[in-house]
Amino acid sequence: MPAVCNSFLDDIEDIVSAQDLKPYDQQFRRKNVVPKVRKRLLQKNVEADDDPPSDSVIPGVQKIWVRTWGCSHNSSDGEYMAGQLAAYGYTITDNAAEADLWLLNSCTVKSPAEDHFRNSIKKAREEKKKVVLAGCVPQAQPRQDYMQGLSIIGVQQIDRVVEVVEETIKGHSVRLLGQKKDNGKRLGGARLDLPKIRKNPLIEIISINTGCLNACTYCKTKHARGDLASYAIEELVNRARQSFQEGVCEIWLTSEDTGAYGRDIDTDLPTLLWKLVEVIPEGAMLRLGMTNPPYILEHLEEMAKILNHPRVYAFLHVPVQSASDSVLMDMKREYCIADFRRVVDFLKEKVPGITVATDIICGFPGETDEDFQETMKLVEAYKFPSLFINQFYPRPGTPAARMPQVPAQIKKQRTKELSRLFHSYDPYDHKIGERQKVLVTEESFDSKFYVAHNRFYEQVLVPKNPEFMGKMVEVDIFEAGKHFMRGQPVSDANVFTPSITRPLAKGEVSGLTEEFRHALENSSESKACPSAKNQNVPLSRRMGMWLPWQRWRSVVKMLSLSVALLAVLIAFYYEGV
């Protein structure tokens, strides 16, 4: 790795709550129950509790609320889980109050995000909701007291969300936290061709790898996502192609570190990007996610060429975290500030107008006033148009949490000081009067404008004309703010449609193959006429589909029968001898 200077969990399968009977005990009890006694017990239960027994619950007809915190990788996971649940017949709702089950998809980067997650669990319990936990918090620390008795699905097990939800609705507690492996080698995660519900039907988020190669002392995400594991190029290109066939006009590539992509499978990020641009339709755009400095240094020339491509945003998110080499060393960031400057300077020269976004942590343990002033000088010099300022929060279990801490008041003071510097300059004033082509993809938070992005992924607000949504529009910039510009559409300009087909409706499930559609039809018939037999059969089995654990269970059963038969044959052979 060139640089200017260098200075757990095992798979927990189907753990039921303590009060649940084991399968053998349940079967034994049923065989030894006298009909008359069973009748009296049932009558007593009906009088004591109006809730139906778990065996009578029909999974696949409930409403589910999905709440996601954190990065775009987490957002993609949430979209996949919602899509699978909807494909199997559950109703995904935006109304938490009417939902039967809450699927809470967490983020472990900052303490406030985990606090929101914990408070949501408490509220769900108070409102008697069924709960399934997902994301990085339970993956990293599944034995937290506030998670006891609740179902958990790991970050690499999201393709099994239907199983976990089904068992949870029946009153069981299920925990799936294992890693995806192929011949002992860790995979990037669940398949990319699963059904999903995009939060924005025009934008597809693709995770190109999971985990990273670093061991940053402040990072809790590493505990959940683990070491680097990349998806194959062919799988990623197929996912992009499928997305464009569903009307998507913008793709985001995401991961914990996109720059490290491919190092575990003998390829690299530029190779992937050149393959992807081949399938991007004219007018559609690709946005590259966060990359750390060490892993892009050796690809600077090739990355500059890619970022100049007309279907790739000239935008890169490169977190610096601090401008002090001593702080970077304590963080174990594996680069020096000279490395970061080299990346930014080279890209600014080779990709004119490029937007470089960065992150800074204020008040990391051991940060002195001199260290902080170095960071202030860096921001003053580069005037980053997009700057994410974070006050340091010690995350439990990380090395940084055990270091001597900077006093809270000083951390707050430094955060405010850096924020004042950031708001002291206006990055877009010089663009007033420019004519730009922008891609319109969403509505503003206040619902007053449509949000578009120009070639440099700078935000441009345009009038709410329904004809503009999902289109490439030419605008004249007439106003600039700190985080946006406003554009007036050119009256005689053509409105270009990059989508090669009609986008899916909001909430519509993507990736429904013929296999899934046929299975859904079978499921609908089962729900219309539920029988006692059907109610005790898993939803996935009623739909004629075998999920991974069911396939393996069948294989184990066949192997057991084969071994038993072989033993009988051997016994007969020796008796004959």
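Quick look at the structure, then. (Residues numbered from 1 in each chain as written. Predicted model: local features only at pLDDT ≥ 70, side-chain atom pairs only at ≥ 80, totals over all residues. Heavy atoms only, no water.)

## Things to note about helix H4 (residues 111-126)
Count 3.6 residues to each turn of an α-helix, and residues three or four apart come out pointing the same way.
Now for step 1: With 16 residues, H4 extends 23 Å from end C-alpha to end C-alpha; this agrees with the ideal 22 Å at 1.5 Å per step.
Now for step 2: Buried residues of H4: Ser111, Ala113, Glu114, Phe117, Ser120, Ile121 and Ala124, and no others.
Now for step 3: Where H4 is buried, its residues touch strand S3 (101-106), strand S4 (130-135) and helix H5 (136-140).
Now for step 4: Immediately beyond the C-terminal end of H4, within one or two residues, lies Lys128, with a positive phi of roughly 60°. (Helix = DSSP H or I, 4+ residues; strand = E, 2+ residues; numbered from the N terminus. Expected span 1.5 Å × (residues − 1). Buried < 20%, exposed > 50% of the residue type's maximum accessible area, 1.4 Å probe, protein only. Contact = heavy atoms within 4.5 Å.)

## A few points about helix H14 (residues 408-422)
Now for step 1: The terminal C-alpha atoms of H14 lie 21 Å apart, and with 15 residues this matches the ideal 21 Å at 1.5 Å per residue to within 8%.
Now for step 2: Three or more residues of H14 are buried, namely Lys411, Arg414, Thr415, Leu418, Leu421 and Phe422. Relative to the axis of H14, the buried residues are bounded by an arc of 125° and lie together on one face. Set apart from the buried face of H14 by more than 90 degrees, the exposed residues are Gln409, Lys416 and Arg420.
Now for step 3: Those residues of H14 hidden inside the fold are in contact with strand S15 (355-362), helix H13 (369-382) and strand S16 (386-391). (Arc of directions from axis to C-beta.)

## Some words on the packing of aromatic side chains
Now for step 1: Applying the stated criterion to the full structure yields ten aromatic pairs.
Now for step 2: Relative to Phe364, the ring of Tyr218 has its centre 6.2 Å away and its plane inclined at 80°; by these criteria the two rings are edge-to-face. In this pair, Tyr218 sits in the loop between strand S10 (209-210) and helix H7 (221-225) while Phe364 sits in the loop between S15 and H13, placing the two residues 146 residues apart along the sequence. The burial state of Tyr218 is the same as that of Phe364; both residues are buried.
Now for step 3: Ring centres of Tyr382 and Phe384 lie 5.6 Å apart, and the angle between their planes is 20°; this geometry places the pair in the stacked category. For the pair Tyr382 and Phe384, a shared accessibility class is recorded, and that class is buried. (Phe/Tyr/Trp six-rings, centres within 6.5 Å; stacked < 30°, edge-to-face > 60°.)

## Things to note about the sheet that holds strand S13 (residues 285-288)
Now for step 1: One open sheet accounts for three strands, arranged S9-S12-S13; its pairing is parallel. Each having just a single partner strand, strand S9 (203-207) and S13 make up the two edges of the open sheet. Strand-to-strand twist across the sheet, computed as the mean angle between neighbouring axes with direction ignored, equals 20°.
Now for step 2: In the sheet, strand S12 (residues 250-254) pairs with S13 via four bridges, with the strands oriented parallel. Each bridged residue has a counterpart across the sheet, and for Ile251 the counterpart in S13 is Leu286.
Now for step 3: Contacts from helix H9 (residues 269-277) reach S12 and S13, with the element oriented near 165° to S13. (Pairing = 2+ DSSP bridges. Axes fitted to C-alpha atoms, helices over the stretch in contact; angles between N-to-C directions.)

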